[in-house]
Amino acid sequence: MAGNFGKIKIGVLVSGSGTNLQAIIDGCAAGSIDGQVVCVISNKESAFGLERARNHAIPAHHLDHRQYQDRSEYDAALVSILQEHAVDLVVLAGFMRIVTPVLLGAFPDRVMNIHPALLPSFPGLDAQRQALEYGVRVSGCTVHFVDPGTDTGPIILQSVVPVLDEDTEETLSQRIHVEEHKLYPAAIQLFAEGRLSVHGRRVKISAK
Ligand code: GAR
């Protein structure tokens, strides 16, 4: 996508703790992301990510998926909140739901996700456990644009971590989380600078 958005408006979708959300809020505050988190939405009322938003006076919305007939209807409700806040970029940060063309069509090439594995290995749930069970020597995290598949969209950035013999799901997850908190803000900043363009499966990063 061409163009420099300047200070972009970011809408973040979470289902859980929201440590990636926190890294993005902190990046915006520190000026390493030319953007502002303008709303946070969760399908889970108890998600600590909503609390993090409130702590920073960011509008926090709970949208219960059980109140909607199907995924499309739910996504239409998401879109209307995101559009009310004039969001430029939708960031999935531990949002444990499949999104539909209703959301993707409203924000073409403007929905990002982070996944705790080196895609295309280990998509879907429990990526860290899948990596340990397979016995890989390295894993990591991937930021990608979202397409209608599960963790299949064009890859923006990846970061690698070692898998150690003594690793448990917990210790590997912690090592990956440290990288996620650097990688996601970096990918969002590339978007904010208008430097990302999608060409089929490949994302090109233009020079500054
Ligand atoms: C992150 O590790 C993210 O990669 C993962 O959920 C975690 C959320 O952590 N996402 C997925 O597994 C999506 N398939 P956080 O709530 O602390 O940011």
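From a predicted model like this one, the values you see are computed outputs, not experimental measurements. Within each chain, residues carry numbers counting from 1 in the order of the written sequence. Under the rules for a predicted model, residues below a pLDDT of 70 receive no local features and side-chain atom pairs below 80 are neither given nor counted, while totals for whole chains, interfaces and linings still include all residues. With hydrogens and water stripped out, all remaining heavy atoms of the structure feed into the side-chain values.

*Asks:* When you look at the side chain of threonine 100 in this model, what are you seeing that I'm missing?
*Replies:* Take threonine 100: it is sitting in the loop between strand S4 (89-92) and helix H4 (101-106). For threonine 100, a relative accessible area of 9% translates into the label buried. The contact rule is simple, with two residues in contact once any of their heavy atoms fall within 4.5 Å. Setting aside residues up to four positions removed in sequence, threonine 100 forms contacts with Arg71, Ser72 and Asp75. What counts as a helix is a DSSP run of H or I of at least four residues, what counts as a strand is a run of E of at least two, and both are numbered from the N terminus. Residue burial is assigned from relative accessible area. The probe radius is 1.4 Å, only protein chains are included, and a residue is buried under 20% of its type maximum, exposed over 50%, and partly exposed in between.

*Asks:* How should I be thinking about the packing of helix H1 (residues 19-30) against helix H6 (residues 169-192) in this particular structure?
*Replies:* The relative placement of two packed helices comes down to the angle between their axes together with the axis-to-axis distance. Between H1 and H6, whose axes approach to 9 Å, the crossing angle comes to 45 degrees. Classed by the angle they form, the pair H1 and H6 counts as oblique. Of the two elements, H1 crosses H6, and the hand of that crossing is right-handed. Judged by residue contacts, Thr19, Asn20, Ala23 and Ile24 of H1 engage His177, Glu180, His181, Tyr184, Pro185 and Ile188 from H6. Partitioned by chemical class, the residues of the contact of H1 with H6 number five nonpolar, four polar and one charged. An axis is simply a line fitted to the C-alpha atoms; with a helix, the fit covers only the stretch in contact. Between two such axes, the angle follows the N-to-C directions and lies from 0 to 180 degrees. These descriptions rest on fixed angle ranges, namely under 35 degrees for roughly parallel, over 145 for roughly antiparallel, 65 to 115 for roughly perpendicular, and the rest for oblique. Handedness of a crossing follows from how the near helix is turned relative to the far one, being left-handed for an anticlockwise turn of less than a right angle and right-handed for a clockwise one. Residue classes follow a fixed rule: Ala, Val, Leu, Ile, Met, Phe, Trp, Tyr, Cys and Pro count as nonpolar, while Asp, Glu, Lys and Arg count as charged, and any other residue, Gly among them, counts as polar.

*Asks:* I would appreciate a short explanation of helix H5 (residues 127-134) in the present structure.
*Replies:* Residue pairs three or four apart in sequence face the same way in an α-helix, which turns once every 3.6 residues. Every buried residue of H5 is listed here: Ala127, Gln128 and Ala131. The buried residues of H5 occupy an angular sector of 100 degrees when the element is viewed end-on, so they sit on one face. Of the surrounding secondary structure, the elements contacted by the buried residues of H5 are strand S5 (111-115), strand S6 (138-145) and H6. Just beyond H5, the residue with positive phi is glycine 135, at close to 90 degrees. Summarising the geometry, the arc corresponds to the directions from the helix axis toward the C-beta atoms.

*Asks:* Is there a simple way to explain the site of the ligand in this structure?
*Replies:* Note on definitions. A residue lies near a molecule or strand when any single heavy atom of the residue is within 4 Å of it. The full set of residues close to the ligand is Ser17, Gly18, Thr19, Asn20, Gly94, Met96, Ile114, His115, Pro116, His177 and Glu180. For the purposes of these results, a polar contact is taken to be a pair of N or O atoms within 3.5 Å, where, inside protein, one atom must be able to donate a hydrogen and its partner to accept one; residues adjacent in sequence count only when each atom of the pair is a side-chain atom. A distance of 2.5 Å separates an oxygen atom of the ligand from a polar atom in the side chain of threonine 19. In this structure, asparagine 20 approaches the ligand through a main-chain N or O atom, which is 2.9 Å from an oxygen atom. The protein chains hide 86% of the 450 Å² of surface that the ligand would expose on its own. For the shell around the ligand, the elements supplying multiple residues, two or more each, are H1, S5 and H6. In short, Shrake-Rupley with a 1.4 Å probe defines the accessible areas, and a residue's cover is counted only from the protein chains shown.

*Asks:* How should unusual backbone geometry be read in this particular structure?
*Replies:* Glycine aside, the phi torsion of most residues is negative, and most peptide linkages are trans. Between leucine 119 and proline 120 the backbone carries a cis peptide bond, its omega angle lying at 15 degrees. Among the secondary structure elements, proline 120 is positioned in the loop between S5 and H5. Of note, the phi angle at phenylalanine 122 is positive, near 55 degrees, even though the residue is not glycine. We classify phenylalanine 122 as buried; its relative accessible area is 13%.

*Asks:* Before we go on, may I ask you to explain helix H2 (residues 48-55) in this structure?
*Replies:* Buried within H2 we find Gly49, Leu50, Arg52 and Ala53. One face of H2 carries all of its buried residues, which in axial projection span an arc of 155 degrees. Close packing links the buried residues of H2 with strand S1 (8-14), H1, strand S2 (35-42) and strand S3 (60-62). Where H2 terminates, the next one or two residues include alanine 57, which has phi positive at roughly 55 degrees.

*Asks:* It is not clear to me how the pattern of salt bridges should be interpreted in this structure. Could you clarify?
*Replies:* Between side chains of opposite charge, a pair can form as their charged atoms come close. Between Lys or Arg on one side and Asp or Glu on the other, a salt bridge is scored when a side-chain nitrogen of the former is within 4 Å of a carboxyl oxygen of the latter. Using the criterion set out here, one finds nine salt bridges in the structure. The salt bridge partner of aspartate 126 is arginine 129, with a shortest N-O separation of 3.9 Å. For aspartate 126, a relative accessible area of 38% corresponds to the partly exposed category. For glutamate 169, the salt bridge is made with arginine 129, and the minimal N-O distance between the two is 3.2 Å. With glutamate 169 in helix H6 and arginine 129 in helix H5, the pair connects residues that are 40 residues apart, well separated along the chain.

*Asks:* Just checking my understanding: could you explain the packing of aromatic side chains for this structure?
*Replies:* Each Phe, Tyr or Trp ring, with Trp reduced to its six-membered ring, pairs with another whose centre is within 6.5 Å; inter-plane angles below 30 degrees give stacked pairs, above 60 give edge-to-face pairs, and intermediate values give tilted ones. Under the defined criterion, the tally for this structure stands at two aromatic pairs. On the numbers, 5.5 Å between centres and 75 degrees between planes, the contact of tyrosine 68 with tyrosine 74 is edge-to-face. Residue classification places tyrosine 68 among the partly exposed positions, given a relative accessible area of 25%. On the accessibility criterion, tyrosine 74 (0% relative accessible area) is buried. For the pair phenylalanine 122 and tyrosine 134, a centre-to-centre distance of 5.9 Å together with 55 degrees between the ring planes defines the contact as tilted. Residue phenylalanine 122 is located in the loop between S5 and H5, and its partner tyrosine 134 is located in helix H5; the two are separated by 12 residues in the primary sequence. According to the relative accessible area criterion, tyrosine 134 is exposed, its value standing at 65%.

Limitation: the analysis is restricted to geometry and does not speak to function.
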